[in-house]
Amino acid sequence: MKRIVVPAKEARRVRVRSGQRFSIITPEGCQCVDFWAIRADDLTEWASAEFTRVELMRLFPRVGDAIFTNRRREILLFEEDNSPGIHDMLVCACDPVRYERLGAKGWHPSCQENFFAVASELGWFYPFLPQSISWFTNIPIAADHSIGWARSPARPGDSVGLRALMDCDIIVCSCAQDFTEINCLNPTPLWVELFEEDAETTPAHAGRRDQGAR
Ligand SMILES: [Zn+2]
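Described in the following lines is the structure provided in the data block. Remember, predicted model here, so these are calculated numbers, not experimental data. (Residues numbered from 1 in each chain as written. Predicted model: local features only at pLDDT ≥ 70, side-chain atom pairs only at ≥ 80, totals over all residues.)

## Topic: the sheet that holds strand β2 (residues 11-16)
In step 1: Within the open sheet, the four strands sit side by side as β2-β9-β4-β7. Their pairing is antiparallel. Strands with a single pairing partner mark the edges of an open sheet, and in this sheet they are β2 and β7 (133-135). Shown here is a sheet whose adjacent strand axes are inclined to one another by a mean of 25°, direction ignored.
In step 2: Inspection of the sheet shows strand β4 (residues 33-39) paired to β7 by three bridges, in the antiparallel sense. (Pairing = 2+ DSSP bridges. Helix = DSSP H or I, 4+ residues; strand = E, 2+ residues; numbered from the N terminus. Axes fitted to C-alpha atoms, helices over the stretch in contact; angles between N-to-C directions.)

The following block contains the structure:
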């Protein structure tokens, strides 16, 4: 098992192979994870929050669900959830304008800039930021369909376990938000743990696909 430490308010890219398992852990708890997965041999295909919502006919992922790409293919399987099970697929990543409006004085790190920094190091160019899948992120929906920013309920040491169903690059970002309460006003590091022994195995998965037109 290999552990990659993602410092607070930063992002790291990790290559995972089809069949390989990995965990994302919040060692200190109350930390939102902005997460992307991009196909290794085709950078125009990525884990898509909107396609996943449609394929699952659910707003948020739960254990047993696949995560789908923008071409409706399964890229990841959500295998384990050692957290209260609150994750988000609705809100965009934080960006410089967001912090400016929140009153930040000068530059403030953001998940958008962290994504583009990692992407540009690799020579990737994205004209836009794919929506993140946000582990441990608590976006409550009220009866009138308004949404809110609530504290992440993740406890110290909580984790999610995923399995790659395609060779892909994952980008794991410790959300830098310290104006709203989602990270308990104190962003902290994340760990990514890669399980090497699974790399060559064939994934046995059954992504949940509800019936119905889409
Ligand atoms: Zn963020």
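There's more to say after this.
## A look at the sheet that holds strand β6 (residues 74-82)
Think of a sheet as strands paired side by side through backbone hydrogen bonds, with each pair either parallel or antiparallel.
In step 1: Read from one edge of the open sheet, six strands run β1-β10-β3-β8-β6-β5, paired in antiparallel fashion. Edge strands, defined here as strands with exactly one partner in the open sheet, are β1 (2-6) and β5 (66-68). Strand-to-strand, the axes of this sheet are offset by a mean angle of 25°, without reference to chain direction.
In step 2: In this structure, strand β3 (residues 21-26) lies alongside strand β8 (residues 158-164), joined through six bridges in antiparallel fashion. Residue Arg-21 lies in a different strand from β8, and its bridge partner there is Arg-163.

## Section: the environment of Phe-136
In step 1: Mapped onto the secondary structure, Phe-136 falls in the loop between β7 and β8.
In step 2: Through-space distance from the C-alpha of Phe-136 to that of Ala-154 is 5.9 Å; in sequence the pair is 18 residues apart.

## Points about helix α3 (residues 111-121)
In step 1: Listed in full, the buried residues belonging to α3 are Cys-111, Gln-112, Asn-114, Phe-115 and Ala-119. For α3, the angular spread of buried residues about the axis comes to 165°, placing them on one side. Relative to its buried face, α3 has exposed residues pointing more than 90 degrees away, namely Ser-120 and Glu-121.
In step 2: Against the buried residues of α3 lie β2, β4 and β9 (168-174).
In step 3: Positive phi appears at Gly-123, one or two residues downstream of α3, with a value of about 80°. (Buried ≥ 20, exposed ≤ 12 C-beta atoms within 10 Å, placed from the backbone. Arc of directions from axis to C-beta. Contact = placed C-beta atoms within 7 Å.)

## What about the environment of Trp-46?
In step 1: With respect to the secondary-structure elements, Trp-46 resides in the loop between β4 and α1 (49-56).
In step 2: The sequence separation of Trp-46 and Phe-68 amounts to 22 residues, and the corresponding C-alpha distance is 8.1 Å.
In step 3: In contact with Trp-46, other than residues within four places in its own chain, are Trp-36, Ala-37, Ile-38, Arg-39, Thr-69, Asn-70 and Pro-130.

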